[in-house]
Amino acid sequence: MPGPVDDPGLSTAGTWERYRLIADNSSDVVYQTTPDGRIQWIQPTVEGLLGYQPDELVGVEALTLVHQDDMATVRRTRTAVYDGAEIDEIPCRFRTRDGAYRMCTVRARPLREPVTGQTVGAIVTLRDASERLAALRALTTLSRAGAVLVHSHDENTLIEDTCRTVALSGQYPLAWYVRRTESGTRMVASSGTRNDFVLDVGAEFGSGPAHGAGARAIDSAAPVTIADLGVEPAYRQWREALAEHQLRSAVGLPVVVGDEVDGALVVFASETNTFDFAARELLEDLAAQLGYGIGRLRDAANRDDLLTLTEGERARLQATLDSLMDPVALLEVVRDRDGRAVDLRYVDANDAAIAYNRSTREAMIGATMLDLFPNLRDEGPLEAYLHCAETGEPAVFDDYAFSNRMLGEERRYDLRATQTPDGIALTWRDVTERYRTARRLADDERRYRLVAEHGSDVLWELDRDGRLVWSSASMVRILGWNRDELVGRQTLELVHPDDLESARGARARVMSESTAQGEYRMLCADGSYRWVEARTDRLDDDGHRIVAMRDVQGERAGRAELDHLAAHDPTTGAPVRAVALARLNGYLEQGAATTALLCADVDGLSRVNESVSYSAGDLVLATIADRIAGVVGDWDLVGRGSGDELLVLLPGLTEAAGADVMAEEIRDAVREPIEIDGHILRMTLSIGIATAAPGSEADAEQMLRDAGLAMSKAKEYGGDQAAYVDPEMSAQAARRLHLEGEIRDGLASGEFQAWLQPIASMESGEVTGYEALVRWVRADGSIAAPVEFLPLAERSGLIADIDAAVLDQSLEVLPRLPAGTTVAVNLAAPTLRRADLADEVLAALDRHGSDPARLHLEVTETALLEDVTTVRATMTRVADAGVHWYVDDFGTGYSSISHLRDLPIAGLKLDRSFTSGVAEGDRRCTELSLALVGLAVGLGLDGVAEGVETEEVAQTLAAHGWRHGQGWLYGRPAPPPTSPVPLA
C-alpha cells in the first residue's frame, strides 16, 4: 500500500481523510478506486476472500471482477457514489482467483478532495455473504416444504413435490430422491432447471455411482457433503456431464421413516462449497420433515384412512401462522365449467391477514378474491397468482400499487405467492409508507440539489465591528435586501430585539472559539421578520467574520406543528393522555377546590368499526370529543385516553356532586344522532368518575386508575351510565399493591425458598434428579402456595428476582445431593426474555463451582414464542456451556415443532393433565402421550412425565416410552437437605 505522500491527486488532508474512512469501514476487504474505477490500493485480506495477492489487483478496473449478471447494479451504484451518495449492503458476486464467484455485500463511500470538494475516488468495503446466502436458500426451501407436507395425500406426490419445492424455492439447479435396490441406486423423483442431466446419465444410473452422495447417505444414515464434484472420485464417470450442466457440489440427506432409512434426498448446487454447516443443518430438517410425512402417509394407508391433521396439530399450525407479523393466506383455485382457473378462494388466513383487511374469519374464509376485490377483474396480480397455481412459478411483486377497496385507498405492496397442491400461499407487506418516504426523499434530494445549485444560503462578510463588507446575491431572495442597501451597515440592527442578547453572545463566542451558531429573526426589506439559522466563523485574526445564514422559517413552522402533533391525538384533536394528566396534576397542586376526572368510554364503537368501517369509527370518536369539548367549554379540559376512552378534567368544583351533573350533560349531548356515510348512529357513553377534595394527596395517575375502575363498573351494569369508583375495587387494587410490597420485602429477607421434588427413573424407580419448586415461607412460619403470589410477581416484574433466588439456592444445595443427580429450575417467560439471563446463569454456576451438566432449566412452550431472537441467543449460549434445557408442560401451549429444531432443547415434560387422563383411561390423553414421547424419542430428547401418583400409571407411561417420572409416587416437595445425601 502506498504511503501518505505517494497518492496522486490527494492532499495530505485528503490522505488522512482516506485513513479515517478506512477505520469507519473496517471489515473484511477495503479498497480505494481512482476516478476511472481502477483499484489504487487494496487490503491484504483480499487473499482470504477472493484468493488474490494485493499487487495482482492494483491498477485493475474493479468492474472486471464483477459477475456479468450483477454488472448493471454495480454500474448504477458506482454512478451514485461518484455523485456523492453513500451506498450500503448491495449484494454482488466477485470473481475469485480460481475463476469461481463469491457472493459479497458492497459498501461504498465517496472520497473527496477537502479543498475543492471534488470526488476523487471511492472507498469500497467487501463482506463475505456466501454463507448467509446459502443458509437463506436452505431456510426458504424448508419453509416452503411445510406446505407440501401438509397438503400431500400420497407418498409419490409428496416426494415429487418436495424435489420440486427444493429446486424452485431454494433455487437449486437439481434435486432428486433415490432408494437402494439389489442392483444399485434407483431414482424415484427429480426436479430442477438441470433435470436434463438426469436424461443424460439415465442409462448409467442403475449401477452408479455406488459411492455417490445419495448411496453413502443411505448406507451411513448420515448426511454426506461433496464440496467439489469435479474432483470427487465417485463421480468420475459423470464428470463431463456434471461440468456441462454446471453442477459443482452436492449434499445427500438420509430420509428416515420410522427407524429405517427409506432413501436419500440429494441436492445439487452450481457453486462449489455451497453446503456449509448452517445450510446443511436446515436441509437436514427438511429431510427429517419428509421422512415424517412419508411415515404419516404410510400409517394412514395402513389404516385405510385419509391423512388428516389432529385438532391439536391444526391448532398448533394455526398458532404458528398467527404468530407471524406479516399477513399470510392460503387460497384454492376456482375453475369454470371448462376447467379453466378463473378465481381463488380463501381457505385459511392468519390473524394478521384478517386484521389487515378489517374483516372477520367468518367473512373472509370461503370468499373468493373477486368477491372481496372486484377490481381484480381489470387490474392487479390475479392473473399472475393463477399462473403460479397452475405452473408453480412464484409470483413476485415489489412496490406494487393496488386500490384496496377494503381500506378505501390505493396502497403499495410487496407481494409473494408460491404454489401449493391446490392453489397458492400468499403473503404481503404494506410498504405504502416506505414508498411515500422514498418519494419524499427523492423530491427532497431534487429540491435540495436545485437549492444548492442556486446558492440558497445568504453569505455575509463582516468586519471586526460587525459591519457588512460583502453579501451574496441570494440575500435579495431570502431577506429582500439588495446588497448595496446594507453594505457598511451594522448587522445587529437587523436582528429582532428579542434575539439581540443571543446574537451578541454568539459574536463574543466566535472571537474566542472561532465558531458560533444560533437561530435568529432577521429584519426583511418589507418590515417583517424571518427566522434564519446563522453559522459564524472567524476569518482572520483581525476579527473579520463569515456568516452563513439559512432560511428556517418553514422549518420552525414545521417544528411547531410537530410539537402540536406530539401533544395532540390525531383522531380527535384532543390533548394526549400525558398532557391531560400533567394538567390534572397542576389543578391538584393548586388544591383550592374539588377536582374531578371523568373517564368516558364509547359504548359499542367496535360494532361501528366492524359494520361500517374503521374510518367511520374514528369520525364517531372525533364527533363525540367535539361535543364533550362543547359541553365543558374548553378543549384543554378534554384528553384522549387508552383505546376508545376520552378523559374530561373538571377543576374548580364547589362540591363533588357537580361531576354528576356534568357527566349527565355530556351523556345527553352524545346521545344526539350522528350521521356518517348515510348511517344514522346513536351512541352512548359509560363514564367513570373520580374526585379529589381540596388538600387531597391524590395524584393524576391514581385518579385515572380510580376513574378507569369506575368506568369498568358502568360497563358491567349495561353501559350508558355514570358510576363512581367502587370502594371494594379500589381496596382490591390496594391489596395487590400491598402484596407486591410484601413480595419485595420477602425477597430482601430470603423468605422465598427452593423446595425439592424427586424425579425418578420409570424403569428402576431410582431418583435421578430433583425439580426446585418455589415456596414463600413467611416470617410467621406460614407457607404461601405459588398460586397466591406468582401471577402478581409476573405482572409486577418481580418474577425474575424470584427465579434468580431459586436458581442460586438450587446451585448452593447441589453439592449436598447424591452424586450424579440433577436439579431443574423453572424460568418464567419474562425471565427468559432478559438479555442478560445467560450472563446471570453462567455467573451463578461459576460462583458455586457447579457442574453445568447437573443443571436443567425448564421453560414453558408459550415462553418460547416471545422475543425469539433474544431467547434463541440466550438458550444457545447457556446450552453451549453444558446446561440442559427442558420444555415444561409440553402439549398445552402454542409451540411448534420448529422450536425443537431451532432451539437447543434436551427434553420434554408431559403435562400432568395428560398424566391424569392416562390414569383415568382417557383414550385421547393416551394417544397424545404416545405421540409426544414418540416425538421426544425421534428427536433424541429426554422425556419426563409429571403428576405420577400410582405404580400403575408409572408402568403405563413407562410402556409408552417415558424415561422419567415426577409426582407423589416418588416424593412430595420438601425443604432441601442441610447435609449431604448419599445415593440410595
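Not measured: the values here are computed from a predicted model. (Residues numbered from 1 in each chain as written. Predicted model: local features only at pLDDT ≥ 70, side-chain atom pairs only at ≥ 80, totals over all residues. Heavy atoms only, no water.)

Now, about the overall build of the protein chain: what can you tell me, with residues and values included?
Across its full length, the protein chain holds 35 helices and 36 strands. Counting over 984 residues, the protein chain shows a buried share of 45%. Long-range pairs, those at least 24 residues apart, make up 57% of the contacts in the protein chain between residues at least 6 apart in sequence. Accessible area for the protein chain stands at about 48300 Å²; split by element, carbon and sulfur atoms hold 50% of it. (Helix = DSSP H or I, 4+ residues; strand = E, 2+ residues; numbered from the N terminus. Buried < 20%, exposed > 50% of the residue type's maximum accessible area, 1.4 Å probe, protein only. Contact = heavy atoms within 4.5 Å. Areas by Shrake-Rupley, 256 points an atom, 1.4 Å probe, with all protein chains shown as cover.)

Before we move on, can you summarise a negative patch on the surface with the specific residues and values?
Negative charge collects at one region of the surface, where Asp196, Asp200, Glu240 and Glu244 lie side by side. Those elements giving two or more residues to the negative patch turn out to be helix 7 (196-205) and helix 9 (239-244). According to the relative accessible area criterion, Asp196 is partly exposed, its value standing at 38%. (Patch = residues over 30% accessible without salt bridge, like charges linked within 9 Å, V, L, I, M, F, W, Y side chains within 5 Å. Salt bridge = Lys/Arg side-chain N within 4 Å of Asp/Glu carboxyl O. Lys, Arg positive; Asp, Glu negative; His and termini not counted. Charge placed at Lys NZ, Arg CZ, Asp CG, Glu CD.)

Give a description of the confidence of the model for the protein chain that names residues and reports values.
Per-residue pLDDT for the protein chain averages 81, and the proportion of residues at 70 or more is 85%. Ranking the helices and strands of the protein chain by mean pLDDT puts strand 31 (residues 822-826) first, with 96, and helix 1 (residues 12-24) last, with 37. Within the model, pLDDT remains below 50 along residues 203-208, and this stretch shows 13 contacts once partners closer than five positions in the same chain are excluded. (pLDDT = per-residue confidence, 0-100.)

Lay out the packing of helix 33 (residues 912-919) against helix 35 (residues 951-960) with the relevant residues and their values.
Two elements in contact, helix 33 and helix 35, have axes whose closest approach is 10 Å; the angle formed by their N-to-C orientations is 110°. Here helix 33 lies roughly perpendicular to helix 35, going by the angle between them. Counting all contacts with helix 33, which are made through Thr915, Val918 and Ala919, the residues of helix 35 involved are Val953, Thr956, Leu957 and His960. Residue composition of the contact of helix 33 with helix 35, by class: four nonpolar, three polar and no charged. (Axes fitted to C-alpha atoms, helices over the stretch in contact; angles between N-to-C directions. Parallel < 35°, antiparallel > 145°, perpendicular 65-115°, else oblique. Nonpolar A, V, L, I, M, F, W, Y, C, P; charged D, E, K, R; others polar.)

I'd like a rundown of the pairing of strand 18 (residues 515-523), residues and numbers included.
Here strand 18 pairs with strand 19 (residues 529-538) via nine bridges, running antiparallel. Along strand 19, the bridge assignment pairs Gly518 with Ala534. (Pairing = 2+ DSSP bridges.)

Which residues make up a nonpolar patch on the surface, and what values do they have?
A cluster of nonpolar side chains, namely Leu459, Val469 and Trp470, defines an oily patch on the protein surface of about 240 Å² accessible area. Tracing the backbone through its elements, the reader meets Trp470 in strand 17 (residues 468-471). Its relative accessible area of 38% is what places Trp470 among the partly exposed residues.

Outline the pattern of salt bridges, supporting the account with residue identities and numerical values.
All chains considered together, the criterion is met by 42 salt bridges. The partner of Arg164 in a salt bridge is Asp161, and the shortest N-O contact between them spans 2.2 Å. Separated by three residues within a single helix, Arg164 and Asp161 lie in helix 6 (residues 155-169), roughly one turn from each other. You can call Asp161 buried: its relative accessible area is 10%. For Arg744, the salt bridge is made with Glu740, and the minimal N-O distance between the two is 2.9 Å. Taken together, the residues span about one helical turn, with Arg744 and Glu740 both in helix 26 (residues 727-748) at a distance of four residues. Using a relative accessible area of 43% as the deciding quantity, one classes Arg744 as partly exposed. What makes Glu740 buried here is its relative accessible area of 19%. A single network of salt bridges, built from pairs that share partners, joins Glu664, Arg667, Asp668, Arg671 and Asp720.

If you had to explain helix 25 (residues 700-716) to someone new, which residues and values would you point to?
Its 17 residues place the ends of helix 25 24 Å apart at the C-alpha level, agreeing with the 24 Å of an ideal helix rising 1.5 Å per residue. What helix 25 keeps buried is the set Ala700, Met703, Leu704, Asp706, Ala707, Gly708, Leu709, Ala710, Met711, Lys713 and Ala714. Directly after helix 25, the chain includes Gly718, whose backbone phi takes a positive value near 115°. (Expected span 1.5 Å × (residues − 1).)

Describe the sheet that holds strand 17, with residues and values.
Hydrogen bonds between backbone atoms are what pair the strands of a sheet, whose relative direction is either parallel or antiparallel. Taken in spatial order, the five strands make up an open sheet running 17-16-20-19-18, and their pairing is antiparallel. Because the sheet does not close on itself, it has two edges, and the strands there are strand 17 and strand 18. Neighbouring strand axes in the sheet, compared pairwise and without regard to direction, differ in orientation by 25° on average. One ladder, built from five bridges, connects strand 16 (residues 458-462) with strand 20 (residues 545-551); its direction is antiparallel. Its bridge partner lying in strand 20, Glu461 is registered against Ile546. Most of the contacts of helix 19 (residues 500-513) go to strand 18, to which it runs at about 155°, and overall it touches strand 18, strand 19 and strand 20.

Give a description of the packing of aromatic side chains that names residues and reports values.
Tallying each qualifying case throughout the model produces 14 aromatic pairs. Taking 6.1 Å as the distance between ring centres and 80° as the angle between the ring planes, the aromatic pair formed by Tyr356 and Tyr413 counts as edge-to-face. Of this pair, Tyr356 sits in helix 12 (residues 351-356) while Tyr413 sits in strand 14 (residues 409-420), and the two are 57 residues apart along the sequence. Note on Tyr413: relative accessible area 4%, which makes it buried. A centroid spacing of 4.9 Å and a plane angle of 20° characterise the contact between Phe752 and Trp776, whose relative ring orientation is stacked. Here Phe752, found in strand 28 (residues 752-761), pairs with Trp776, found in strand 29 (residues 767-777); they are 24 residues apart in sequence, far enough to count as distant. By the burial criterion, Phe752 is buried, and Trp776 matches it. Across from the ring centre of Trp968, 3.5 Å away, lies the NZ or CZ of Arg972, which sits over that ring. (Phe/Tyr/Trp six-rings, centres within 6.5 Å; stacked < 30°, edge-to-face > 60°. Lys NZ or Arg CZ within 6 Å of the ring centre and 35° of its normal.)

Explain the layout of surface pockets to me, and be specific about the residues and the numbers.
If you roll a probe as big as a water molecule over the atoms, it shows you where there is empty space left. As a volume, the second largest pocket reaches approximately 670 Å³. In terms of lining residues, the second largest pocket is bounded by 32 residues, among which Glu771, Leu773, Leu790, Asn826 and Asp888 are the most central. Residue assignment for the lining of the second largest pocket shows that the elements contributing at least two residues are strand 29, helix 27 (786-796), helix 28 (799-813), strand 31, strand 32 (855-860) and strand 33 (884-890). Broken down by element, the lining of the second largest pocket gets its largest block of residues, five residues, from strand 29. (1 Å grid on protein atoms, 1.4 Å probe; cavity = no way out; pocket = protein on both sides within 12 Å on 5 of 7 lines; lining within 4 Å. Points joined across faces, edges and corners; volume = space filled by probe spheres on them.)

Tell me about the sheet that holds strand 9 (residues 249-257), and please be specific about residues and values.
Strand order across the open sheet formed by five strands is 7-6-10-9-8, with antiparallel pairing between neighbours. In this open sheet, the two edge strands, each paired with only one partner strand, are strand 7 (184-191) and strand 8 (224-226). The average angle at which neighbouring strand axes cross in this sheet is 25°, direction not considered. Alignment of strand 6 (residues 174-181) against strand 7, held across seven bridges, turns out to be antiparallel. Bridge assignment links Val178 to a residue of strand 7, and that residue is Met187. Docked against the sheet, helix 8 (residues 213-220) engages strand 6, strand 7, strand 8, strand 9 and strand 10 (260-269), running at close to 150° with respect to strand 10.

Residue-level account of the nonpolar core, with values.
Ile743, Leu832, Leu855, Leu857, Trp885, Ile905 and Leu957 are the most contacted members of the largest nonpolar core, which totals 66 residues. Here this core takes six residues from helix 28, the largest share from any one element. If sequence neighbours within four positions are ignored, Leu855 has contacts with Leu807, Leu811, Val823, Val825, Val841, Leu845, Val883 and His884. In this structure, Leu605, Ile624, Ala659 and Val670 belong to the second largest nonpolar core, which totals 49 residues. (Core = buried A, V, L, I, M, F, W, Y, C linked by side-chain atoms within 4.5 Å.)

Account for helix 30 (residues 837-848), naming residues and giving values.
An α-helix turns once per 3.6 residues; consequently, residues spaced three or four apart project the same way. With 12 residues, helix 30 extends 17 Å between its outermost C-alpha atoms, agreeing within 8% with the 16 Å of an ideal straight helix rising 1.5 Å per residue. Restricting attention to buried positions, one finds in helix 30 the residues Leu837, Ala838, Val841, Ala844 and Leu845. Buried residues of helix 30 fall within an arc of 135° about the axis and therefore sit on the same side. Along helix 30, exposed side chains directed more than 90 degrees from the buried face belong to Asp846 and Arg847. Those residues of helix 30 that are buried are in contact with helix 28, helix 29 (829-832), strand 32 and helix 31 (868-880). (Arc of directions from axis to C-beta.)

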